[in-house]
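Spelled out from the first residue to the last, the chains are:
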Amino acid sequence: MHHLGNFALMAILVFAAYAVLASLLGVWKKNARLTESAERALLACTALSTTACFSLVALLLRSDFRFEYVASYSNRDLPFFYKVASLWAGNDGSLLFWAWLLLLFSGIVVATNRRKNRELMPYVVATLGAIALFFTYMNFWVCNPFEQLGVMTGEGPQPWAPEDGRGLNPLLQHPIMAIHPPILYTGYVGFVIPFAFCIAALATGRLGAEWITSTRRWTLVAWAFLGTGLLLGGRWAYVELGWGGYWAWDPVENAALLPWLTSTAYLHSVMIQERKGMLKVWNVSLVIITYLLCVFGTFLTRSGVVSSVHAFAESDFAKIFLIFIALAAGASAALVFHRLPALKSENELDSMMSRESAFLFNNLLFLVACFAVLWGTMYPVLSEAIQGEKATVGPPWFNDVNVPLGLGLLALTGIGPLLAWRKSSLDSLRRNFTWPLVMGVLTGVILAALGMRQAYALICFALSAFVIGTIVQEFHKGAKARRVHRGGSYPGALLDLTLVNTRRYGGYVVHFGIVLIFIGVAGSAFDTEKKADLVAGQSIDIRGYQVKFLGLDEGRTKNYEWMSAKLEVTKNGKLIGTFAPQKHFYLASQQPTSEVRRHATFQEDLYMVFAGVTDDDKTTVQIFVKPLVRWVWLGAIVVFLGTIVTLVPAKRELRLARKVEAVKQSLLVESKKKYEVA
Amino acid sequence: MKWPKGDFRDFVLALSFLLSAPTLIAQERLNTPEYRNTCAALMCQCGGCSATIYTCAMEHCHSAEPIREEIAERIQKGESAESIVKAFEERYGLAILSAPPTSGFHLTAWIAPFAVLLVGFFFTRHVLRSWKQRTIPQDPTPITPITEAQRTRIEKELRDISS
């Protein structure tokens, strides 16, 4: 099987190199057969990459411990599901998986563009081929997952296999963690398609809306997957790590947040280019930066650079990755510079008080937030390099810097839709802002009167009410106008309105989801926790809850031993239920993990952790009351649904497409007739 | 009634303690805002979790557990949060602080994002103003007015598309 995997990797190197050369040569020589053969070579790479990936999965499923990767990330008793998930548990396997996704998406692009974007496609294929070449090179020479274990004997090195593997990291043995990496990677890798089209547009000089329209859905899907991946990671941390939080500003989390921030900025600014032909340089730069940040994130989390600059200096992997990023950035910048005259705006700004201005300030805040996260993540490396002593940048710094920026973005989420394109008159400003502002101010005043003194949380709730007011007003105004023109019921008008302009109203649904996430995050300002060492019968009182410790229980599965603390929970004297937070001790890796238990409502989560047993045989239990956490997960679902709405072709687009097709057909019939007459 | 003496008294005390144990109030660990803030100001030094002393959830963590105990002890003795943090910084170096200091070179860590925001704000305002002042040269081709029939047709098609 490993021979097949290695052969597939070698073949990808050949075919990808051919795809790059044949595409560029085909364009140069104006030879369509060459460019088409390049596309077929890329399709072959897709098949070969699938073969390589399946070869590694087969080795994992067979528990073939002759291979270092299999022995390091799986063991015999690992359930089937997690054996498959071991594919992305380590550096070598996850890079193989990354390359497979890249080639899978490349294959889809080739297959769906056989009759369109013909001028762009050779450059798209060349770009995708070059990136595939790099990743496959890394997989074949630098971090090959098919490497065998060996021992030195008198007769030289001999193959060797341990009795059992070291097993998958216990923290990764969780259903969310099994799906979180593929979802996150789909987001990361998905941005390669807009990037390739952007490079093709720059190379050909076709810098109009064509490449943007062709990649709109790719961008949205990649953005949605990256966001979902981030939130799933947060959910996993919340239910698995046992510290009561879902976001720790860890470099791995930050690495994925960076491209999400720039791509969100792009999703807003691209609307200005589509409507007014402005911000062309800005948009190509954002697409390029987003992709480079995706690759940089991969570099950041695998190179060891954050833990120490010395680890980075000793790593071949890191150096090669950095060279690739530098080359990609240099080539992209050169292309942008070369096309600067063609990237000039086609329009002027009518007024500072316009949606265009709001979008530009929204972009500014997204990019500053991106800079802040990057700066904070890289600052330890910088301080070590300059000062010789490493300073740590932890959650307090990230919160202090990013919370004001986040609130600014939340405010703009409400302001932007209330401003008209081109110019807002004073009258329209008054009309549009009145109700949302009343809602926001009223919320703030009521909460302050009720005794809320946490400034950021208070501002966040007031702004959330303002944004919800904006969204409700936009839907209501649209539905009212629709009913005046077409009649029908109010819910019918709302649905019709959304289907006519899915992008706009789907966008509002996404905004609503973001507001829910903000509300959930603001709830963390009111967290409470207690930790106590208990004997059976004792209890902890926390914010109206009484948590009584009933006793310990223990058991064993094939994969791990477990111990649980049985807790009876009552609230204001009423029984809620019995919960059993656990500790698992994984046999293969000899590592413990926590399995928290929660009583979750929309008001708050009661979060219970069995923290261990003390030397004097008392059971340590940690209880958190975390208000509004559920709103974060609900918000994530709403964002995802909103994105799906934006992906649905609008009625208007469908009608236009049908009309264009009808005109095409009639022209075809007409020209056929002319030809027959002639 | 005489209070029992010696071994017998100890036995009675121990028995009454054991019998009443389940009803005793749980032995809660220190959790004052001062304790929480001090723990959050320091990073766990175990080398693997990148969590603060407050959030490190590893059981019997060789770094977080003793630091937590020491913080609780010092706070109970009346020591201030600043002096506790300072003491740990002297012992472990800068790496134990969960945020860079707000003095010297490390001030740049705090200033840089807001400096970028300020520069970005003025740059964006400049760009917007320059766009507003700019006039795009109009197409010199004279505009031919459309006929009434063409106008009706365009309006009908626009209606068809938007309905």
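Residues numbered from 1 in each chain as written. Chains lettered and ligands numbered in written order. Predicted model: local features only at pLDDT ≥ 70, side-chain atom pairs only at ≥ 80, totals over all residues.

A. Main features of the overall build of chain A. Along chain A, the regular secondary structure elements total 21 helices and twelve strands. Computed over its C-alpha atoms, the radius of gyration of chain A comes to 28 Å, within 12% of the 26 Å expected for a compact globule of 678 residues. With respect to the three principal axes, the spread of C-alpha positions in chain A is 100 × 85 × 55 Å. Within chain A, the fraction of its 678 residues that count as buried is 48%. (Helix = DSSP H or I, 4+ residues; strand = E, 2+ residues; numbered from the N terminus. Rg over C-alpha atoms; globule rule 2.2 N^0.38 Å. Buried ≥ 20, exposed ≤ 12 C-beta atoms within 10 Å, placed from the backbone.)

B. Molecular detail of the overall build of chain B. Looking only at helices and strands, chain B has six helices and one strand in total. Reading chain B from its N end, one meets helices and strands in the order α-β-α-α-α-α-α. Relative to its full complement of 163 residues, chain B shows a buried share of 21%. When contacts within chain B are restricted to residue pairs at least 6 apart in sequence, long-range pairs at least 24 apart make up 45% of them. (Contact = placed C-beta atoms within 7 Å.)

C. The arrangement of the nonpolar core in detail. Residue and element names in this part refer to chain A. Counting residues in hydrophobic clusters, the biggest one holds 211 residues, and the most contacted among them are Ala132 and Val192. No other element matches helix α9 (residues 210–241), which puts 15 residues into this core. Each residue touching Ala132, except ones within four places of it in the same chain, is listed here: Ile12, Ala16, Cys45, Ala99, Leu102, Leu103 and Ser106. In terms of nonpolar packing, the next biggest core, distinct from the first, is built from 20 residues, Val547, Met608, Phe610 and Val625 among them. (Core = buried A, V, L, I, M, F, W, Y, C linked by C-beta atoms within 7 Å.)

D. Quick look at the domain arrangement of chain A. Domains assigned within chain A are domain 1 (170–377), domain 2 (398–524 + 646–661) and domain 3 (526–631). Opposite the five residues of domain 2 of chain A that make contact, domain 3 of chain A presents seven residues. (Domains from an automatic or database assignment.)

E. Seen up close, the interface of chain B and chain A. Between chain B and chain A, the residue contacts involve 44 residues of the former and 53 residues of the latter. Taken together, the elements giving at least two residues each to the side of chain B that touches chain A come down to β1 (27–28), α5 (107–133) and α6 (148–162) of chain B. With eleven residues, α5(B) is the largest single contributor of residues to the side of chain B that touches chain A. Its residues assigned to classes, the side of chain B that touches chain A shows 25 nonpolar, 14 polar and five charged. (Nonpolar A, V, L, I, M, F, W, Y, C, P; charged D, E, K, R; others polar.)

F. Representation of α5(B) within the structure. Look at α5(B): 39 Å from first C-alpha to last across 27 residues, which is about the 39 Å you get at 1.5 Å a residue. The largest bend along α5(B) measures about 25 degrees and falls at Pro113(B). The set of residues buried in α5(B) consists of Ala109(B), Pro113(B), Leu117(B) and Trp131(B). Where α5(B) is buried, its residues touch α14 (355–387) and α15 (395–415) of chain A. (Expected span 1.5 Å × (residues − 1). Bend = angle between axes of the 7 residues up to and from the residue.)

G. Focus on the environment of Ala87(B). Residue and element names in this part refer to chain B. For Ala87, the location among the structural elements is in helix α4 (residues 81–92). Residue class for Ala87 comes out partly exposed when judged on the 14 C-beta atoms lying within 10 Å of it. The sequence separation of Ala87 and Glu148 amounts to 61 residues, and the corresponding C-alpha distance is 86 Å.

H. Fine view of the environment of Trp218(A). Residue and element names in this part refer to chain A. Inspection of the secondary structure puts Trp218 in helix α9. Sequence spacing of Trp218 and Trp421 is 203 residues, and the spatial spacing of their C-alpha atoms is 26 Å. Sequence-distant contacts of Trp218, that is, excluding residues within four places in its chain, are made with Gly190, Ile193 and Pro194.

I. Unusual backbone geometry, seen in detail. Residue and element names in this part refer to chain A. One non-glycine residue, Asn117, lies in positive phi territory at about 50 degrees. Secondary-structure assignment places Asn117 in the loop between α5 (91–112) and α6 (121–142). A count of 20 C-beta atoms within 10 Å places Asn117 in the buried class. One non-glycine residue, Trp249, adopts positive backbone phi at about 55 degrees. Tracing the backbone shows Trp249 in the loop between α9 and α10 (251–276). On the basis of neighbour count, Trp249 is assigned to the partly exposed category, with 19 C-beta atoms found within 10 Å.

J. Structural view of the packing of helix α2 (residues 33–40) of chain B against α4(B). Residue and element names in this part refer to chain B. Closest axis-to-axis distance for the α2/α4 pair is 10 Å, and the angle between their directions is 25 degrees. Comparing their axes, α4 and α2 come out roughly parallel. The handedness of the crossing between α2 and α4 comes out as right-handed. Listed contacts from α4 to Glu34, Asn37 and Thr38 of α2 are Ala81, Ile84 and Val85. (Axes fitted to C-alpha atoms, helices over the stretch in contact; angles between N-to-C directions. Parallel < 35°, antiparallel > 145°, perpendicular 65-115°, else oblique. Left-handed = near helix turned anticlockwise from the far one by under 90°.)

K. Here's a closer look at the confidence of the model for chain B. Residue and element names in this part refer to chain B. For chain B, the average pLDDT comes to 80, and 75% of its residues sit at 70 or higher. The secondary structure element of chain B with the lowest average pLDDT is helix α1 (residues 6–20), at 50, and the one with the highest is α4, at 94. Within the model, pLDDT remains below 50 along residues 15–23, and this stretch shows five contacts once partners closer than five positions in the same chain are excluded. (pLDDT = per-residue confidence, 0-100.)

L. View of the packing of α15(A) against helix α17 (residues 455–486) of chain A. Residues and elements named next belong to chain A. The interhelical angle for the contact between α15 and α17, taken along N-to-C directions, is 20 degrees, at an axis separation of 8 Å. Looking at the two axes, α15 sits roughly parallel to α17. When the axes of α15 and α17 are compared, the crossing they make is left-handed. Across from Val403, Leu407, Leu410, Ala411, Thr413 and Gly414 in α15, the residues of α17 making contact are Tyr456, Ile459, Cys460, Leu463, Ser464, Phe466, Val467 and Thr470.

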